[in-house]
Amino acid sequence: MAGIEDPVGAGTLDWQVLPGRPALTEVPGVDGIAGACAWLSRSAPELRRALRQFGAVYLRGLPMSTVEDFARVRDVLITESTPYREKATPRSDFGDGVFSSTDLPASQPIHMHNENSYTLTFPGLLLFGCLTAPREGGATPVADCRKVLAALPATTVRRMREVGWLLTRSYSEYISTDWRTAFATGDEAEVERYCKENLIAHEWQPDGNLRTSQRRPGIISHPVTGEQVWFNHLAFWNEWSLDEELRQTLVDEFGRDRLPFNTSLGDGVPLTAEELAQILAAYDAATVRQPWQPGDLLVVDNILTAHGRDAFQGDRRIVVAMGEPVELTDCRPTVEPAAAFADVADLADLADLADLADLAD
């Protein structure tokens, strides 16, 4: 048990830190959701300190069984909500800033990622609340991005520091998310305005669909602790993360440059399957998980910690709130964000020819 001293009188929370499991503390007996919120308010400073140490913490035993209960808990721990921008996966909106976790098929695991790493403002804090625990599987694994960065091959880290990463999206009404849903508007001019303000290159296709691309830093520093972390969706949306049969079908149908999602390092050079496997291995080595129980609350520092989802069986109802927005500019990015499609002309802004030849080697 690891105790964290609390100088402001909220008591000392005892953290269970077991191999393969995230830090967890048991909530003492409280009088309903009002009592739970009072306890959370007293314990909030200590929880924040624990987050800086562990990156993510579980609170077990909250009398939380409804969306309304979760919203009350959220209001104690999150002082400013963060909107869900550039939507990429389906979610149910329960109102008042409470969403479902990603509504993808139960059999489909979700790779590790930091929420909204591709936007210029992203949530600093995530809350996951368990209202119904699945019969089997369905954990929300978390990975310390400080450890991920330390475990990656030096060549991959160097390239990311120098050139960042590229995300290219091809929106469609039939595959993935359409642009109207993603940008929450049917006004093309409004989409173009958003893209311009948020450094996203865009082009309208002959069929009326949208294609976008944005370069982002993949290594940033936590604005409070100053620690550098691996912070991106590079592996999450890379073509090699797809099931091989599905990947080949999509590549044959659309080509690599028109996949619903694809990523590369910021120099535009595609990842190899081997490079993707090395990144996934670094995530795996840093990943811990805790089976859900009703009333559990998972609190995640979205910069220090990536999260995902295990496949599951049975009903699973995990609700999510995002808050404490952070500006990318406050995180000392190693690469400036830019609107850019991956073509040779873009490379001149990133490195000289000698550097590019070195990267190619």
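Criteria and cut-off values
- Residues numbered from 1 in each chain as written.
- Predicted model: local features only at pLDDT ≥ 70, side-chain atom pairs only at ≥ 80, totals over all residues.
- Heavy atoms only, no water.
- Pairing = 2+ DSSP bridges.
- Helix = DSSP H or I, 4+ residues; strand = E, 2+ residues; numbered from the N terminus.
- Axes fitted to C-alpha atoms, helices over the stretch in contact; angles between N-to-C directions.
- Core = buried A, V, L, I, M, F, W, Y, C linked by side-chain atoms within 4.5 Å.
- Buried < 20%, exposed > 50% of the residue type's maximum accessible area, 1.4 Å probe, protein only.
- Contact = heavy atoms within 4.5 Å.
- Phe/Tyr/Trp six-rings, centres within 6.5 Å; stacked < 30°, edge-to-face > 60°.
- Lys NZ or Arg CZ within 6 Å of the ring centre and 35° of its normal.
- Left-handed = near helix turned anticlockwise from the far one by under 90°.
- Nonpolar A, V, L, I, M, F, W, Y, C, P; charged D, E, K, R; others polar.
- Expected span 1.5 Å × (residues − 1).
- Arc of directions from axis to C-beta.
- Polar contact = N/O pair within 3.5 Å; in protein donor to acceptor, adjacent residues only side chain to side chain.

A.B. asks: Got a sec to walk through the sheet that holds strand 3 (residues 23-26)? Specific residues and values, please.
C.D. replies: The strand order across the open sheet formed by seven strands is 3-4-18-8-21-6-5, and the pairing between neighbours is mixed. For this open sheet the edge positions go to strand 3 and strand 5 (93-95), each flanked by a neighbour on one side alone. Neighbour-to-neighbour, the strand axes of the sheet open up by a mean angle of 25°, direction not taken into account. Here strand 8 (residues 121-132) pairs with strand 21 (residues 317-327) via ten bridges, running antiparallel.

A.B. asks: Explain the nonpolar core residue by residue, including any values.
C.D. replies: Grouped together as the largest cluster of nonpolar side chains are 39 residues, with contacts concentrated most on Trp 230 and Tyr 283. Counting only elements with at least two residues in this core, the list comes to strand 7 (110-113), helix 3 (145-151), helix 4 (154-163), strand 11 (165-170), strand 14 (219-221), strand 15 (228-230), strand 16 (261-265) and helix 8 (273-286). The dominant element in this core, judged by the number of residues it contributes, is helix 8, at five residues. Once residues within four sequence positions are removed from consideration, Trp 230 is found in contact with Asn 114, Cys 145, Val 148, Leu 149, Leu 152, Thr 156, Met 160, Gly 218, Ile 219, Ile 279 and Tyr 283. Counting residues in hydrophobic clusters, the runner-up holds 32 residues, among them Leu 40, Val 57, Ile 78 and Leu 125.

A.B. asks: Hey, could you go over the packing of aromatic side chains for me, with residue numbers and the actual values?
C.D. replies: What characterises a pair of aromatic rings is the spacing of the ring centres plus the angle enclosed by the ring planes. Enumeration over the complete set of coordinates arrives at nine aromatic pairs. Between Tyr 58 and Trp 292 the ring centres are 5.2 Å apart and the planes differ by 55°, which places this aromatic pair in the tilted class. Remark: Trp 292 occurs in the loop between strand 17 (287-288) and strand 18 (297-301) and Tyr 58 occurs in strand 4 (residues 56-60); sequence separation between them is 234 residues. Each member of the pair, Tyr 58 as well as Trp 292, is classed as buried. Measuring from ring centre to ring centre gives 5.6 Å for Phe 183 and Tyr 194, while their planes differ by 70°; the resulting arrangement is edge-to-face. Placement of the pair is Phe 183 in helix 5 (residues 179-183) and Tyr 194 in helix 6 (residues 188-197), with a sequence separation of eleven residues. Among the residues examined, Phe 183 registers a relative accessible area of 13% and is labelled buried. For Tyr 194, a relative accessible area of 15% puts it in the buried group. Members of the aromatic cluster, joined through ring pairs, are Tyr 118, Phe 236, Trp 237 and Phe 261. Taking the ring centre of Trp 240 as reference, the NZ or CZ of Arg 247 above it sits at 3.9 Å. One residue, Arg 316, lies across the ring of Phe 312, its end atom 5.5 Å from the ring centre.

A.B. asks: I'd like to hear about the pairing of strand 21, residue by residue, with values.
C.D. replies: By the criterion of burial, strand 21 is predominantly enclosed, with eight of the eleven residues buried. Pairing geometry for strand 6 (residues 98-100) and strand 21, over two bridges, is antiparallel. The residue bridging Ser 100 from the neighbouring strand is Val 319, located in strand 21.

A.B. asks: With reference to specific residues and values, describe the packing of helix 1 (residues 32-54) against helix 2 (residues 67-77).
C.D. replies: One can describe the packing of helix 1 onto helix 2 by two numbers: an axis separation of 9 Å at closest approach and a directional angle of 35°. For helix 1 against helix 2, the interelement crossing comes out right-handed. Here helix 1 contributes Ile 33, Ala 34, Cys 37, Leu 40, Ser 41, Ala 44, Leu 47 and Arg 48 to the contact with helix 2, which in turn contributes Asp 69, Arg 72, Val 73, Val 76 and Leu 77. Its residues assigned to classes, the contact of helix 1 with helix 2 comprises nine nonpolar, one polar and three charged.

A.B. asks: Lay out helix 8 in plain terms, naming residues and giving numbers.
C.D. replies: The end-to-end C-alpha separation of helix 8 is 20 Å, in line with the 20 Å expected for 14 residues at 1.5 Å each. Turning to helix 8, its buried residues are Leu 276, Ile 279, Ala 282, Tyr 283 and Ala 286. Buried positions in helix 8, seen along its axis, are confined to an arc of 120° and lie on one side of it. Opposite the packed face of helix 8, turned more than 90 degrees from it, sit the exposed residues Glu 274, Asp 284 and Ala 285.

A.B. asks: Account for the sheet that holds strand 17, with residues named and values stated.
C.D. replies: Reading across the sheet, the four strands line up as 7-19-10-17 and stay open at both edges, with antiparallel pairing between neighbours. Each edge of the open sheet carries a strand with a single partner, namely strand 7 and strand 17. As paired strands, strand 10 (residues 142-144) and strand 19 (residues 305-309) are joined by three bridges and run antiparallel to one another. In the sheet register, Asp 144 faces strand 19, and the bridge partner there is Thr 305.

A.B. asks: Before we move on, can you summarise unusual backbone geometry with the specific residues and values?
C.D. replies: The backbone phi angle of Ala 184 is positive, close to 55°, even though this residue is not glycine. With respect to the element layout, Ala 184 can be found in the loop between helix 5 and helix 6. Its identity is not glycine, yet Arg 332 carries a phi of approximately 45°, on the positive side. As for its position among the elements, Arg 332 is in the loop between strand 21 and strand 22 (338-339). Take Arg 332: its relative accessible area is 51%, and that puts it in the exposed class.

A.B. asks: Give a description of helix 7 (residues 244-254) that names residues and reports values.
C.D. replies: An α-helix turns once every 3.6 residues. As a result, residues three or four positions apart point the same way. All buried positions along helix 7 are accounted for by Arg 247, Leu 250 and Val 251. Projected down its long axis, helix 7 shows its buried positions confined to an angular sector of 100°, all on one face. The exposed residues of helix 7 that point more than 90 degrees off its buried face are Glu 245, Asp 252 and Glu 253. N-capping of helix 7 is provided by Asp 243, with a side-chain oxygen placed 3.1 Å from the backbone N of Glu 245. Within two residues after helix 7, Gly 255 carries a phi angle of roughly 85°, on the positive side.

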